[in-house]
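# Descriptive analysis of the structure
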Amino acid sequence: MSDQHLQILSQSVIDGDPGQARQVAAQVLASGVDPLQVVEETLSPAMDEVGLRYEEGDYFIPDLVMSGEAMKAAMTVIGPALAAHQEVRSSPGTVVIGTVQGDIHEIGKSLVATMLEAAGFQVHDLGVDVPVETFVAKAQEVDADVVGLSALLTTTMRNQQEVIKALAEAGLRERVKVIVGGAPASPEWAARIGADGYAENASEAVQAIRELVGAD
Ligand code: B12
C-alpha cells in the first residue's frame, strides 16, 4: 500500500504536479513511513531523475521549475514531520545558511535548513542568490557558529570561496566555521577553498555541523 504511494509521490515530482505531490505526501506520512526515508529514498532520487532527463534533452526549464514546485509542495508536509520526529533539549548552535550569489537553486539548501532545525539548531536561512556581504553581516549579527553555503552551478561555486575570504576580511573566520555543499562541491573543493567541512546530503550535513560545533 505505502510502496504504491511512494511510487506515486516519486512520479508526481517527476511529472511536476504540486497538488498531487502534497496530497500523496500526506498519505505517505499517515501510513507511518519515516519522513527522512521519504526525503532520501523517494524525493531526492525523483529530483535526480528530473536532472537526468534535463541533461538528456527530454526535459526543459519549465519542467525543472514544475518538478521543483512539486518537491517543495511535498516538503511543506514532510518538513514539519521531520522536525516532530526529533526531541531536542538545548540548541547545539546557530547556523546561517543560503545559496550563493548568482544561484537560485533552493531545494537542497532548504532541505539542509529544515533538517538542522529538526536537530535543534537556530537556523537563519537567507534564501537564494545571497550576496557575499549578506552572509558576513548575518553571521556577525547573530553570532553564528557555522555558515553553510550552497551552490548548484559550477559557475557559482567560486562564490563559496568569496564568502570565506570576506569572513576572513571581517575578522570572523577564527570563530565561524564554514561548510559547503551542492552538487558540484566535494571534499577536495572544500579543502581547496579553505572551508571547514563538506557534506553530500542533508543528513550528512547535520552530522558534519554537529561535529564542527563540538556537539558530538
Ligand atoms: C530543479 C533544478 C532547477 C530549478 C531550481 C528550482 C528551485 N526552486 O530550487 C530551476 C529551474 C530554477 C533551475 C535553473 C537552472 N539550472 Co538547475 N537544476 C535543477 C535540478 C534538476 C535539481 C536540483 C535539486 O533541487 N535537487 C534536489 C536536492 C534535494 O538536491 P541538491 O540540490 O543537490 O541538495 C542536496 C546536496 O547537494 C546537499 N546540499 C545542498 N546545499 C547544501 C548546502 C550545504 C551547506 C550542505 C552542507 C549541503 C548541501 O544536501 C542537499 C540535500 O540532500 C538539478 C539537477 C541535479 N540533479 O542536481 C539541475 C542543475 C543543478 N541545474 C543546472 C543548470 C544548468 C541550470 C540553469 C543554468 C539552466 C538554464 N540554462 O537556465 C539554471 C540556473 C539558474 C540559476 N541562476 O541558479 C545544471 C548545473 C550544471 C552545472 N554543473 O553547473 C544541473 C546539474 C542540471 C544538469 N544536469 O545540467 N534548476
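Refer to the preceding data block for the structure.
Residues numbered from 1 in each chain as written. Predicted model: local features only at pLDDT ≥ 70, side-chain atom pairs only at ≥ 80, totals over all residues.

### Observations regarding the pairing of strand β3 (residues 146-150)
In the case of a regular strand, side chains alternate between the two sheet surfaces. Note the threshold: Comment: burial labels come from other C-beta atoms within 10 Å of the residue's own C-beta, placed from the backbone, where a count of 20 or more is buried, 12 or fewer is exposed, and between is partly exposed. A run of H or I in DSSP becomes a helix once it reaches four residues, and a run of E becomes a strand once it reaches two; helices and strands are each numbered from the N terminus. We call two strands paired when DSSP finds no fewer than two bridges between them.
Within β3, five of the five residues are buried, which leaves the element mostly enclosed by the surrounding structure. Here β3 shows two buried faces, one formed by Val146, Gly148 and Ser150 and the other by Val147 and Leu149. Relative to β3, strand β1 (residues 94-99) is paired through five bridges, and the arrangement is parallel. Bridging from a neighbouring strand, Gly98 pairs with Leu149 of β3. Bridge analysis of β3 against strand β4 (residues 177-181) gives five bridges, and the strand direction is parallel.

### Observations regarding unusual backbone geometry
Positive phi, normally seen in glycine, also occurs at Asp129, with a value near 55 degrees. Within the secondary structure, Asp129 sits in the loop between β2 (122-125) and α6 (132-142). Asp129 sits in the partly exposed class, given 17 other C-beta atoms within 10 Å. Phi is positive for Asp143, which is not a glycine, with a value near 55 degrees. Checked against the element boundaries, Asp143 lands in the loop between α6 and β3.

### Section: helix α9 (residues 202-212)
This is how the line gets drawn: Relevant arc is that of directions from the helix axis to the C-beta atoms, nothing else.
Of the positions making up α9, those classed as buried are Ala202, Ala205, Val206, Ile209 and Leu212. The arc enclosing the buried residues of α9, seen along the axis, measures out at 125 degrees, which places them on a common side. In the stretch just after α9, Gly214 is the one whose phi turns positive, near 75 degrees.

### Observations concerning the site of the ligand
The condition that has to hold: For each residue, a C-beta atom is placed from the backbone, and the residue counts as near a molecule or strand when that atom lies within 6 Å of it. In the scheme used here, Gly and all other residues not listed as nonpolar or charged are polar, with Ala, Val, Leu, Ile, Met, Phe, Trp, Tyr, Cys and Pro taken as nonpolar and Asp, Glu, Lys and Arg as charged. Start and end points for every domain follow an automatic or database-based domain assignment.
In the vicinity of the ligand, 38 residues are found, and the nearest of them are Gly51, Gly68, Gly108, Gly148 and Gly181. Taken together, the elements giving at least two residues each to the shell around the ligand come down to α3 (35-55), α4 (61-84), α5 (107-118), β3, β4 and α9. Ranked by residue count, the leading element in the shell around the ligand is α3, at seven residues. In terms of residue class, the shell around the ligand is made up of 21 nonpolar, 12 polar and five charged. In terms of domain composition, the shell around the ligand takes at least three residues from each of domain 1 (2-84) and domain 2 (94-212).

The values are spatial; any link to function lies outside them.
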